[in-house]
Amino acid sequence: MSEQSNRGARGARGTRVIGNEQSRDEVAIVRPGSEPVTHERPEEWGWHGETGRKGRIGGWIMVSVILSYFVGNHEGRVEDLWLGGIALVLVVILVWDIVRRRNAWRG
């Protein structure tokens, strides 16, 4: 172990500092008598990163509901601009997701 390493050094109030200044890892402070915290994967407690097929279907349903608001008795066009803009943003996000999933396994 090099002289410049912090591994095993003592910090304030008897705590042990894990890591060194050259590494890109986070530096953890471990209290006496306890174990360092290991990385927990989100999958272990239920989050897998996306809503899946139901979320994508719900997104397209929301686009159709928003576009159905164009039919109505409102007279101003400001509402139409907002509805169209929100629907366009949702469509862009959903199409980006389709392209991202299609190209995910390509190298």
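Residues numbered from 1 in each chain as written. Predicted model: local features only at pLDDT ≥ 70, side-chain atom pairs only at ≥ 80, totals over all residues. Heavy atoms only, no water.

**Focus: the confidence of the model for the protein**
When pLDDT is low, close inspection of the predicted coordinates is not appropriate.
Move 1: For the protein, per-residue confidence averages 75 on the pLDDT scale, and 58% of positions sit at 70 or higher.
Move 2: Element-level pLDDT for the protein is lowest in strand β1 (residues 9–10), with a mean of 53, against a maximum mean of 94 in helix α1 (residues 53–68). (pLDDT = per-residue confidence, 0-100. Helix = DSSP H or I, 4+ residues; strand = E, 2+ residues; numbered from the N terminus.)

**Considerations on the side chain of Asp97**
Move 1: By the element assignment, Asp97 lies in helix α2 (residues 78–102).
Move 2: Here Asp97 falls in the buried class, since its relative accessible area comes to 11%.
Move 3: Looking at Asp97, its side chain comes within polar contact range of the side chain of Arg100, at 2.6 Å. (Buried < 20%, exposed > 50% of the residue type's maximum accessible area, 1.4 Å probe, protein only. Polar contact = N/O pair within 3.5 Å; in protein donor to acceptor, adjacent residues only side chain to side chain.)

**With respect to a nonpolar patch on the surface**
Move 1: A cluster of nonpolar side chains, namely Ile57, Ile61, Met62, Val65 and Tyr69, defines an oily patch on the protein surface of about 460 Å² accessible area.
Move 2: Mapped onto the elements of the fold, Ile57 is located in helix α1.
Move 3: Ile57 sits in the partly exposed class, given a relative accessible area of 42%. (Patch = residues over 30% accessible without salt bridge, like charges linked within 9 Å, V, L, I, M, F, W, Y side chains within 5 Å. Areas by Shrake-Rupley, 256 points an atom, 1.4 Å probe, with all protein chains shown as cover. Salt bridge = Lys/Arg side-chain N within 4 Å of Asp/Glu carboxyl O.)

**Remarks on the pattern of salt bridges**
Move 1: Counted under the stated rule, the structure contains four salt bridges.
Move 2: Residue Asp97 is joined to Arg56 by a salt bridge in which the shortest nitrogen-to-oxygen separation is 4.0 Å. One end of the pair, Asp97, is in helix α2; the other, Arg56, is in helix α1, with 41 residues separating them in the sequence.
Move 3: Salt-bridge contacts for Arg101 lead to Asp97; the nearest nitrogen and oxygen are separated by 3.2 Å.

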